[in-house]
Amino acid sequence: MTAPPSQPAPLRLLAVHAHPDDESSKGAATMAMYAAAGVDVMVATCTDGSRGDIQNPAMEKAPHPKRDMAGARRLEMNNAARVLGIRQRWLGFVDSGLPEGDPLPPLPTGSFATLPLERAAAPLVRLVRAFKPHVILSYDENGGYPHPDHIMAHRVAVEAYEAAGDPARYPGTGAAWEPGKLYYDRAFSPERFRALHYALEEAGLQSPYAERLAAWLEADAEGHTPPAPTHPTTTQIECGNFFEARDDALRSHRTQVDPEGFFFAVSPAMQRQTWPWEDYSLIQSRVQADVPETDFFAGLR
C-alpha cells in the first residue's frame with residue numbers, strides 16, 4: 001500500500017510587539033491574511049501592558065482595568081488573537097510606561113526597557129528556537145514611535161534574529177535556528193497617511209491626518225508624533241480583504257482603543273480603494289531576495 005504524500009510543514013511568521021494592542025495596530029491585516037492562507041503566525045508580546053492608561057472614554061469607569069490592568073489586557077489580547085486567527089506568547093516582562101515631563105523621570109526599576117539586552121532577549125531567542133520562524137517582523141530603531149518598550153522590542157528582535165542561529169550564544173535556550181528574513185513594520189508610513197488624507201479630502205470628508213502630516217519631521221518630547229521612517233518600503237503585502245478583521249482586533253483592546261477614534265477614520269472600503277497594502281522594509285535576508293516584493297516568503301517557498 002502506497003503511503004499518502006506527506007504534507008509540507010507550514011511556513012512560519014513571528015511578529016515581535018511591545019505591548020498587547022500593538023499587534024492589532026501594526027501589521028494585523030497582514031497576519032490575518034497569512035494565517036488564513038495556512039501560514040503559522042505567532043505574536044510575541046514583550047510586556048504585560050500594566051502601565052497603559054485607559055484610552056477609551058467608554059472604559060474609564062470599568063472596574064477590571066482599574067483593579068488589574070495587566071489582567072484586563074490579557075483578556076483583550078486573547079480576543080484579538082482569536083479574531084486574527086493567530087497564536088500569541090507572552091515574554092513575561094513588565095511594561096515600562098511612557099515617561100512624561102521635563103526632564104523625563106527614570107523608568108521603573110526592573111521594567112522591560114531597563115534590562116540588559118541579553119536578559120531581555122533570552123526569552124525571545126528561546127521562542128525563536130522553539131517556534132522556528134522563517135520570517136521575523138518587528139519595529140525600526142525608533143520603535144515605530146519612540147516609546148522605550150518599542151525601542152527595546154526592536155533591539156531584542158534584531159538580537160534574536162542574529163543570535164538564534166548561533167549554537168554558541170544563549171546556551172540552554174534550545175537548538176539553534178536561523179530565521180531567513182527580518183522585516184521592519186512601516187505602519188506609520190507617510191506615503192500611506194498622505195494617500196488616505198487626500199482620499200478623504202476628495203470625498204469631502206474631514207481628515208484627521210493633516211496635523212500629523214504637517215508635523216511629521218519633528219517628534220514632540222513625549223514621542224506622540226512618530227518620526228519620519230528611516231527605511232524605505234521594499235515590501236507591500238496586499239491584505240485589504242482583512243481590514244475588517246484588523247479593525248475588529250483593534251476593538252478587542254477596549255482599554256486602549258477608542259472605537260470612535262483615529263484608527264477608524266477611514267472606512268475599510270475606502271482604504272481598499274486607496275491603499276490596499278501594509279508596508280514593510282526588508283532589513284536582512286539570508287535567501288535571495290529581489291525588491292520590491294509582495295510576499296514575506298519570497299525566496300523561502
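Residues numbered from 1 in each chain as written. Predicted model: local features only at pLDDT ≥ 70, side-chain atom pairs only at ≥ 80, totals over all residues. Heavy atoms only, no water.

**A word on the overall build of the chain**
Helix and strand counts for the chain come out as 10 helices and 7 strands. Expected size for 301 residues packed as a compact globule is a radius of gyration near 19 Å; at 19 Å, the chain falls within 12% of this value. Within the chain, the proportion of its 301 residues that are buried is 52%. For the chain, long-range pairs separated by at least 24 residues make up 79% of all intrachain contacts whose partners lie at least 6 apart in sequence. (Helix = DSSP H or I, 4+ residues; strand = E, 2+ residues; numbered from the N terminus. Rg over C-alpha atoms; globule rule 2.2 N^0.38 Å. Buried < 20%, exposed > 50% of the residue type's maximum accessible area, 1.4 Å probe, protein only. Contact = heavy atoms within 4.5 Å.)

**Some thoughts on empty space enclosed by the protein**
Evaluated as defined, the whole model comprises 2 cavities of 30 Å³ or more. Taken as a whole, the largest cavity spans an internal volume of roughly 280 Å³. Lining the largest cavity are 21 residues, and of these Ser 25, Ala 187, Arg 192, Arg 246 and Phe 263 sit closest to its centre. The set of elements that each furnish at least two residues to the lining of the largest cavity consists of α7 (190-202), α9 (243-252) and β7 (277-285). The element contributing the most residues to the lining of the largest cavity is β7, with 4 residues. When the residues that make up the lining of the largest cavity are grouped by side-chain class, the tally is 11 nonpolar, 3 polar and 7 charged. (1 Å grid on protein atoms, 1.4 Å probe; cavity = no way out; pocket = protein on both sides within 12 Å on 5 of 7 lines; lining within 4 Å. Points joined across faces, edges and corners; volume = space filled by probe spheres on them. Nonpolar A, V, L, I, M, F, W, Y, C, P; charged D, E, K, R; others polar.)

**A few points about the pairing of strand β4 (residues 135-138)**
Of the two faces of β4, both are covered, the one formed by Val 135 and Leu 137 as well as the one formed by Ile 136 and Ser 138. In this structure, strand β1 (residues 12-17) lies alongside β4, joined through 3 bridges in parallel fashion. By the bridge assignment for β4, Ala 15 is matched with Leu 137. As judged from the 4 bridges shared by β4 and strand β5 (residues 181-185), these two strands associate in the parallel manner. Bridging from a neighbouring strand, Leu 137 pairs with Tyr 183 of β5. (Pairing = 2+ DSSP bridges.)

**A closer look at the packing of helix α4 (residues 69-84) against α9**
Here α4 crosses α9 at 170°, and the two axes come no closer than 8 Å. It follows that α4 is roughly antiparallel to α9 by the angle criterion. From α4, Glu 76, Asn 79, Ala 80, Val 83 and Leu 84 reach across to α9, where they touch Ala 245, Arg 246, Asp 248, Ala 249 and Ser 252. In terms of residue class, the contact of α4 with α9 is made up of 5 nonpolar, 2 polar and 3 charged. (Axes fitted to C-alpha atoms, helices over the stretch in contact; angles between N-to-C directions. Parallel < 35°, antiparallel > 145°, perpendicular 65-115°, else oblique.)

**Some words on helix α6 (residues 148-163)**
Each α-helix winds once per 3.6 residues, and so residues spaced three or four apart point in a common direction. Taking 1.5 Å as the rise per residue, α6 with 16 residues should run 22 Å; its terminal C-alpha atoms sit 22 Å apart, in good agreement. The element α6 is largely enclosed, with a buried count of 13 among its 16 residues. (Expected span 1.5 Å × (residues − 1).)

**Comments concerning the sheet that holds β4**
A sheet is described by the order of its strands in space; here 7 strands give the open sequence β3-β2-β1-β4-β5-β7-β6, paired in mixed fashion. The open sheet has two edge strands with one neighbour each: β3 (87-93) and β6 (235-238). Across the sheet, the mean angle from the axis of one strand to that of its neighbour is 30°, orientation sign disregarded.

**Digging into the packing of aromatic side chains**
All chains considered together, the criterion is met by 11 aromatic pairs. Ring geometry for Tyr 209 versus Phe 262: centroids 5.3 Å apart, planes at 85°, classification edge-to-face. Taken together, the positions of Tyr 209 in the loop between α7 and α8 (210-214) and Phe 262 in the loop between α9 and α10 (268-274) put the pair 53 residues apart, joining distant regions of the chain. Tyr 209 sits in the buried class, given a relative accessible area of 4%. The aromatic ring of Phe 193 is capped on one face by Arg 192, whose charged end is 5.5 Å from the ring centroid. (Phe/Tyr/Trp six-rings, centres within 6.5 Å; stacked < 30°, edge-to-face > 60°. Lys NZ or Arg CZ within 6 Å of the ring centre and 35° of its normal.)

**Comments concerning the pattern of salt bridges**
When the charged atoms of two side chains lie near each other, side chains of opposite charge can form a pair. Under the defined criterion, the tally for this structure stands at 11 salt bridges. Arg 73 is paired through a salt bridge with Asp 21; the nearest N and O atoms lie 2.4 Å apart. Here Arg 73, found in helix α4, pairs with Asp 21, found in the loop between β1 and α1 (22-25); they are 52 residues apart in sequence, far enough to count as distant. By relative accessible area, which is 2% here, Arg 73 ends up buried. Of the charged contacts in the structure, one is a salt bridge between Asp 295 and Arg 301, with a shortest N-O distance of 2.7 Å. What makes Asp 295 buried here is its relative accessible area of 16%. (Salt bridge = Lys/Arg side-chain N within 4 Å of Asp/Glu carboxyl O.)

**What to know about the packing of helix α5 (residues 117-131) against α6**
Two elements in contact, α5 and α6, have axes separated by 8 Å at closest approach and are oriented at 55°. Between α5 and α6, the interaxial angle falls into the category oblique. Once α5 is placed against α6, the crossing between them reads as right-handed. Between α5 and α6, the contacting residues are Leu 117, Glu 118, Ala 120, Ala 121, Leu 124, Val 125, Val 128 and Arg 129 on the first element and Met 152, Arg 155, Val 156, Ala 157, Glu 159, Ala 160 and Ala 163 on the second. For the contact of α5 with α6, the per-class residue count stands at 11 nonpolar, no polar and 4 charged. (Left-handed = near helix turned anticlockwise from the far one by under 90°.)

**Looking at the confidence of the model for the chain**
Of the residues in the chain, 93% reach a pLDDT of 70 or more, and the chain-wide mean stands at 92. Scored below 50 in pLDDT, residues 219-223 makes 8 contacts in the model with residues more than four places away or belonging to other chains. (pLDDT = per-residue confidence, 0-100.)

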